[in-house]
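Residues per chain are reported as follows:
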Amino acid sequence: MQTFKSFLKEVFNRPLKWKWISHLDAVFYDKFNNEYHMEFKENQSNEFRVYLTFGENDSSKNTKINTPFTILPTVVDIVKSFLIKNKPNTIEFSCSKAEKKDILYKHMLKILSK
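Bear in mind that the values here come from a model prediction, so they are computed numbers and not experimental data.

1. Quick notes on the pattern of salt bridges
- Inspection of every chain in the model, using the stated rule, returns one salt bridge.
- Among the salt bridges present, the one from Arg49 reaches Glu92, with a minimum N-O distance of 2.4 Å. One end of the pair, Arg49, is in strand β4 (residues 47-54); the other, Glu92, is in strand β5 (residues 90-95), and 43 residues separate them in sequence.
- Relative accessible area serves as the criterion here: at 41%, Glu92 is assigned to the partly exposed category.

2. Topic: the nonpolar core
- Counting residues in hydrophobic clusters, the biggest one holds 21 residues, and the most contacted among them are Phe28, Met38, Phe40, Leu52, Val75 and Ile91.
- With eight residues, the top contributor of residues to this core is helix α3 (residues 71-86).

3. Notes on the environment of Pro15
- With respect to the helices and strands, Pro15 occurs in the loop between α1 (4-10) and β1 (18-22).
- Note: C-alpha distance between Pro15 and Thr74 (59 residues apart in sequence) is 4.2 Å.
- For Pro15, the residues in contact, after removing those within four places along its chain, are Thr70, Pro73, Thr74 and Asp77.

4. Brief notes about the pairing of strand β2 (residues 25-29)
- In terms of residue burial, β2 counts as a mostly covered element, since four of its five residues are buried.
- Note: β1 against β2, four bridges, orientation antiparallel. Bridging from a neighbouring strand, Trp20 pairs with Ala26 of β2.
- Hairpin connection from β1 to β2: two residues lie between these consecutive antiparallel strands.
- Sheet topology places β2 next to strand β3 (residues 35-44); five bridges connect them, and they run antiparallel. In the sheet register, Tyr29 faces β3, and the bridge partner there is Glu35.

5. So, the side chain of Asp25
- Summarising the element assignment, Asp25 is placed in strand β2.
- No salt bridge is formed by the buried Asp25; the nearest opposite charge belongs to Lys41, separated by 9.4 Å.
- Once you skip the residues sitting within four places of it in the chain, Asp25 turns out to touch Lys19, Trp20, His37, Met38 and Glu39.

6. Details of the packing of aromatic side chains
- Counted under the stated rule, the structure contains five aromatic pairs.
- For the ring pair Trp18 and Trp20, a centre distance of 5.4 Å and an interplane angle of 85 degrees mean the geometry is edge-to-face.
- An angle of 10 degrees between the planes, with centres 3.9 Å apart, marks the rings of Phe40 and Phe82 as stacked. Residue Phe40 is located in strand β3, and its partner Phe82 is located in helix α3; the two are separated by 42 residues in the primary sequence.

The rules behind the values
- Residues numbered from 1 in each chain as written.
- Predicted model: local features only at pLDDT ≥ 70, side-chain atom pairs only at ≥ 80, totals over all residues.
- Heavy atoms only, no water.
- Salt bridge = Lys/Arg side-chain N within 4 Å of Asp/Glu carboxyl O.
- Helix = DSSP H or I, 4+ residues; strand = E, 2+ residues; numbered from the N terminus.
- Buried < 20%, exposed > 50% of the residue type's maximum accessible area, 1.4 Å probe, protein only.
- Core = buried A, V, L, I, M, F, W, Y, C linked by side-chain atoms within 4.5 Å.
- Contact = heavy atoms within 4.5 Å.
- Pairing = 2+ DSSP bridges.
- Lys, Arg positive; Asp, Glu negative; His and termini not counted.
- Phe/Tyr/Trp six-rings, centres within 6.5 Å; stacked < 30°, edge-to-face > 60°.

Structure below.
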């Protein structure tokens, strides 16, 4: 079982390579070729919700145990890029899997959006 402290250490690792595949959708892959999408959907005028989805190749065991801590710094990097480019009024986070990290991502968004 990973501790909250180990999640915090993850923020300081180098992000994975990622790219915008549309104006509001970014994609990246971990070392197991699991695909992740960050999609930004506009709810109202300049208010966005961020969705992190895991592709079909995803193995939760690999993601939780074997992948070096690179998912969170990649999410941070993508969100920072989005915030600079779009300057949204509000932003919320949603994850396709119920994970403990979902709470961490939501807190991270609050800090980054200030």
